[in-house]
Amino acid sequence: MIILKPSWISHNGMPIFSIDIHPDGTRLATGGQGRDSGLVMLWNTAAVLDENSENDENVPKMLCQVDSHLASVNCVRWSHSGKYLASGGDDKIIMVWTLSKYPNSGNIVFGTKNIVNIETWKCMFTLRSHSGDILDLAWSPHDSYLASCSVDNTIIIWDAQKFPSVHKVLSGHTGLVKGVSWDPIGKYISSQSDDRTLRIWRTSDWKTDTIVTTPFKDCGGNTSVLRHSWSPDGQYLVSAHAMNNNGPVAKVIERDGWTYEKDYVGHRKAVNCVRFSNSIMERKIGKKNHHMCLCAVGSRDTNVSVWQTGLKRPVVVLESLFQGPVLDLSWSANGLNLYACSYDGTIAILIFDPKDIGKALTNQDKNIIFEKMYGISPLERHNNNLLIENPAILKMNGNQRSEVQEVDPKKEIKQPPPNVIKPLPPILKKQIETRTSDGRRRITPIFIPPTPDNAEEINVLPFSSSSECKSQVVVERVNNIIEPNISNSCSNFSQESQTPTIIDSTIPRSTPTSVLQVSPNRGESKKRPEPVTLISNLFSTKKIKFNNVEDNEISSDVRPNFSETTIQKRKFAISNLCTDRVVVENDKCKTINGTISKMKFYTNNLVVWEKVFSSSIVKYCTNKTLSLIVVALSDCTIHVMGSKNGSLICPPYVLSSLVTSISSNNHYLLCMTQNSLSVWNIYKQECVLYEEKLNTLVCSNKNKPVNVQKCMLTENGTSIITLTTGKSYMFSISAKCWMIIGDSGDAIYSNSTQKNKHNGLNKTSGKYPLGVMQAYSSKYKSNLDFKDTDGISELCSKSFLEQQMSAALALESDKEYKYWLLAYVSFLIEREDNDRLRCLCQDLLGVSHGYSNHKKVETIIGMSKHDLLREVLVIVAGSRSTQRLFTEFHDQLQQMSLND
């Protein structure tokens, strides 16, 4: 064994509180106190371990120094991938650092004269949630989470995939929490506190599994940290400061039953830190090879002891290695190098010989050991956090797999293309300089791309000294004098591009239009003396457009302006190839008492019936359910006729103003005028809603120009409109008011991660009214953008899904309610919101106790709540974190079904 104590690794004589070696062994991180701030320093291990490199002036010793922490740095920890370095300290914040892909090496450290940073490390994330000093950090297996503990008595679990999002706050300690450590299997996380307890938490539900108290009853709070550690095979947890017969020990807690009958003894003062090597060593003792784990123990007595599991005595004890307490330990990936730091501001490296401690197993051999112990490898454990406990879940998952079609092995399977990193746009190396007639220089700007901070990988860059970089931009001077291009006009920007204009066929024009027709060739249309109006495809739900010879395209998908309309087109044409069609001739005949318009209904090019009207036809719609055709005239009347013979079903309806939109669905008819909306049940000849004013919607959008973008009638007679502001409304007959069912400009909608879920719905079918209207409103999106630091986006997503469910319920849209209910369940499972999920399942289940056969199962929009619960449980069964909730409601539902 070799002991090294490089004197050049120091924090200017200040204490070093933490040390950690990079997984690839090339960098050593130390954290501690600086002169006026906290310090994080990175060192080149090549200069530490190799004497020749240490004496070589071309090999840098210090790689980087950052002093961004405002107070002492208590802990530094590399992620298992080596991509990130986390640091936490007395300033109550955690900084997550990463190596820049485009380093600006050679920078002199601020406040110094000769200290140069060879590497550039940037703070990618700043985590703020603790209210006290942060004492310890720990990355979970596979770097999914980062755990931190503090003097505020809490442990915070940070979601490493969504920094700076807080995944969970673990509360329960009544004293300062001074150490935190992850089980290598990922099933538990442990914490040790000054309240004389060591808590073991389950990661499945983040609840306390075990509280160990007995070994710590006689302990005092005289240690600055309590850094305990799990063995790499997960079988042992070795605590920091514990007592046995009034002597300080490191207590060995076994995973099987959480028993604690063994100790690591020999230190004269309290144990500050314990650190297991991540490697499992294979050592030959006698004639057999044994698998052992290495454990180092550091104490306030300045001594370090190294132990191997299975042996009664330590491998080595180093006395008086430091002049102050040992505060932190770290092992290299091969398990042969041990790094230690002390309060005296120095570090020590212990280099072991494989003959003394054995050889580290490969990852493949470690996976075999894990599979024998736990039945699952660490990688599989990462993908599936829990084992399946309920056989019903296995059966359900098996049924789901059986529904999947088998893939023909002979067919070529197209693999998804790998993620291709898009190259940065090329930087122009030439800058053009010109002069105007007044002598002023004009320089064409060049594009300089921003430096990306989120490097996907850390590439070990060659260490080199800094040198001045000369600009590579070539300035090209053009001697031609140019005239300044200055103009006061804004002709390049049309008004349409600034404010979308909704065109309506009923908007008055300065010059009345005489002829409206459809023709594929404009030249041919002008030669026709008398164009004939063709209306066909009566029962088509497709969008029909009016085309004018003199005017631009106008949509019959009525989007009225709230201004007054006073004129109608005299002749128009609508055409579509179909067996059924209607021919309309407005102002066909002029009489003393007025003009007469004519309508013909064709089937297979044969006239079935004809009808005349005393006013021009402005709008029409069809009703497939009742075989009706509804016509709106320019005299503000509405005629309801049978499509088979053209006979009137009832006398014409009379409105107070001109109709701008008309539609029919099932038994209902909707008519919209410039400022009101009416709905009738034409089957029962009853008024559902009569001339409801639209002023309410105008008043709620005072600051924006308001036009109707889309108008729709549902099968149950509910009227829905979407405005150009992005808001959608429905009129509730029972509540007698407008209800908002969607707003694409709303802050909650804009910042919801679930807003694109409606893409899975059919946005053209009348059976999905909410999806149809939101497809229109989504054209008007908000430009809101903010950095989510308090989990606001998650709350917005939850609120959005709840709003979708309530809107579908109000519209009585059963298919959409079911769709959003299952989407809401998936969201709750993903966020592990088991409390809300339990309430939802309980509501669908109803009262289980005292259930009688004659009691009817409640329904939602005609759907059985129990049937909905069965579909919810299918999704719940897909997550192992909710299997106990599945078992609870599955058993109750099954029992209630047997009683029926």
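Residues numbered from 1 in each chain as written. Predicted model: local features only at pLDDT ≥ 70, side-chain atom pairs only at ≥ 80, totals over all residues. Heavy atoms only, no water.

If you look the chain up in an unreviewed UniProt entry, it shows as Protein HIRA from Aphis craccivora. The UniProt entry for the chain carries the following comment under Sequence similarities (unreviewed entry): "Belongs to the WD repeat HIR1 family." What UniProt states about the chain under its Function (unreviewed entry) heading is, verbatim, "Required for replication-independent chromatin assembly and for the periodic repression of histone gene transcription during the cell cycle." (UniProt positions renumbered as here; feature names shortened; annotations may be inferred.)

Looking only at helices and strands, the chain has 16 helices and 54 strands in total. Relative to its full complement of 900 residues, the chain shows a buried share of 49%. (Helix = DSSP H or I, 4+ residues; strand = E, 2+ residues; numbered from the N terminus. Buried < 20%, exposed > 50% of the residue type's maximum accessible area, 1.4 Å probe, protein only.)

Attention shifts here to the sheet that holds strand S4 (residues 38-44). Read from one edge to the other, the open sheet built from four strands follows the order S2-S3-S4-S5, with strand pairing classed as antiparallel. Unpaired on one side and paired on the other, strand S2 (16-21) and strand S5 (62-66) mark the two borders of the sheet. Ignoring which end each strand starts from, the neighbouring axes of this sheet average 15° apart. (Pairing = 2+ DSSP bridges. Axes fitted to C-alpha atoms, helices over the stretch in contact; angles between N-to-C directions.)

Here the focus is the packing of aromatic side chains. Applying the stated criterion to the full structure yields 19 aromatic pairs. Their ring planes at 85° and their centres at 6.3 Å tell us that tryptophan 182 and tryptophan 206 sit as a pair that is edge-to-face. Taken together, the residues tryptophan 182 in strand S16 (residues 177-182) and tryptophan 206 in the loop between strand S18 (197-202) and strand S19 (208-212) connect sequence positions 24 residues apart. When its relative accessible area of 9% is taken as the criterion, tryptophan 182 is described as buried. Aromatic ring contacts, followed pair by pair, group Tyr84, Phe125, Trp139 and Phe163 into a single cluster. One cation-aromatic arrangement involves lysine 61 over tryptophan 8; the distance from NZ or CZ to the ring centre is 5.8 Å. (Phe/Tyr/Trp six-rings, centres within 6.5 Å; stacked < 30°, edge-to-face > 60°. Lys NZ or Arg CZ within 6 Å of the ring centre and 35° of its normal.)

Here we come to the packing of helix H13 (residues 814-830) against helix H14 (residues 834-845). Helix-helix packing: each pair is described by the crossing angle between the helix axes and the interaxial distance. Orientation of H13 relative to H14, taken along the N-to-C sense of each, is 145°, at an axis distance of 9 Å. On H14, the residues that touch Leu821, Tyr824, Val825, Leu828 and Ile829 of H13 are Arg836, Leu837, Leu840 and Leu844. Here the contact of H13 with H14 is composed, by residue class, of eight nonpolar, no polar and one charged. (Contact = heavy atoms within 4.5 Å. Nonpolar A, V, L, I, M, F, W, Y, C, P; charged D, E, K, R; others polar.)

In this section: the nonpolar core. With 40 residues, the main nonpolar core has Tyr817, Leu821, Leu844, Val872 and Val876 as its most contacted residues. Contributing elements (two or more residues each) for this core: helix H12 (792-810), H13, H14, helix H15 (865-877) and helix H16 (883-899). Here this core takes ten residues from H13, the largest share from any one element. Beyond its immediate chain neighbours, meaning those up to four positions away, leucine 844 contacts Leu821, Ile860, Lys865, His866, Leu868, Leu869 and Val872. If you look at the next biggest cluster of nonpolar residues, it comprises 20 residues, including Leu318, Val326, Leu338 and Ala340. (Core = buried A, V, L, I, M, F, W, Y, C linked by side-chain atoms within 4.5 Å.)

Our next topic: the pairing of S2. Along S2, six of the six residues are buried, which leaves the element largely enclosed by surrounding structure. Alignment of S2 against strand S3 (residues 27-33), held across five bridges, turns out to be antiparallel. Its bridge partner being in S3, isoleucine 19 is matched across the sheet by threonine 30. Turn length for the S2-S3 hairpin, with the two strands adjacent in sequence and antiparallel, is five residues, and the turn residue glycine 25 shows positive phi of about 80°.

Moving on to the UniProt feature "repeat: WD" (unreviewed entry) in the chain. The UniProt feature table records "repeat: WD" (unreviewed entry) at residues 66-100, 127-168 and 170-201. Helix and strand shares over residues 170-201 are 0% and 59% respectively, and the end C-alpha atoms of the span are 9 Å apart.

To continue, consider the sheet that holds strand S45 (residues 659-665). One open sheet holds the four strands; their spatial order is S45-S46-S47-S48, and the pairing between them is antiparallel. Lying at the two open borders of the sheet, with one neighbouring strand each, are S45 and strand S48 (686-693). With strand direction ignored, the average angle separating the axes of adjacent strands in the sheet is 10°. Where strand S47 (residues 676-681) meets S48, five bridges bridge the pair, whose relative direction is antiparallel. By the bridge assignment for S48, leucine 677 is matched with glutamate 692.

The next thing to look at is the environment of serine 100. Tracing the backbone shows serine 100 in the loop between strand S8 (93-99) and strand S9 (107-108). Serine 100 gets classed as buried once you look at its relative accessible area, which sits at 3%. Linking serine 100 and glutamate 119, residues 19 residues apart in sequence, is a C-alpha distance of 8.2 Å.

Both trends apply: most residues other than glycine have a negative phi, and most peptide bonds are in trans. The linkage connecting phenylalanine 163 with the following residue, proline 164, adopts the cis geometry, with an omega of 5°. Tracing the backbone shows proline 164 in the loop between strand S14 (154-159) and strand S15 (166-171). Within the chain, aspartate 587 stands out as a residue other than glycine whose phi angle is a positive 55°. Within the element layout of this structure, aspartate 587 appears in strand S38 (residues 580-591). Phi at serine 627 is positive, roughly 55°, even though this residue is not glycine.

This model, assessed by the stated rule, comprises 23 salt bridges. With its nearest N and O atoms 3.5 Å apart, the salt bridge here joins arginine 227 to aspartate 136. Of this pair, arginine 227 sits in the loop between S19 and strand S20 (229-230) while aspartate 136 is found in strand S12 (residues 134-139), placing the two residues 91 residues apart along the sequence. Assigned by exposure class, arginine 227 and aspartate 136 land together as buried. Between lysine 818 and glutamate 871 there is a salt bridge, with the nearest N and O atoms lying 2.6 Å from each other. With lysine 818 in helix H13 and glutamate 871 in helix H15, this residue pair connects regions lying 53 residues apart in the sequence. Note on glutamate 871: relative accessible area 31%, which makes it partly exposed. (Salt bridge = Lys/Arg side-chain N within 4 Å of Asp/Glu carboxyl O.)

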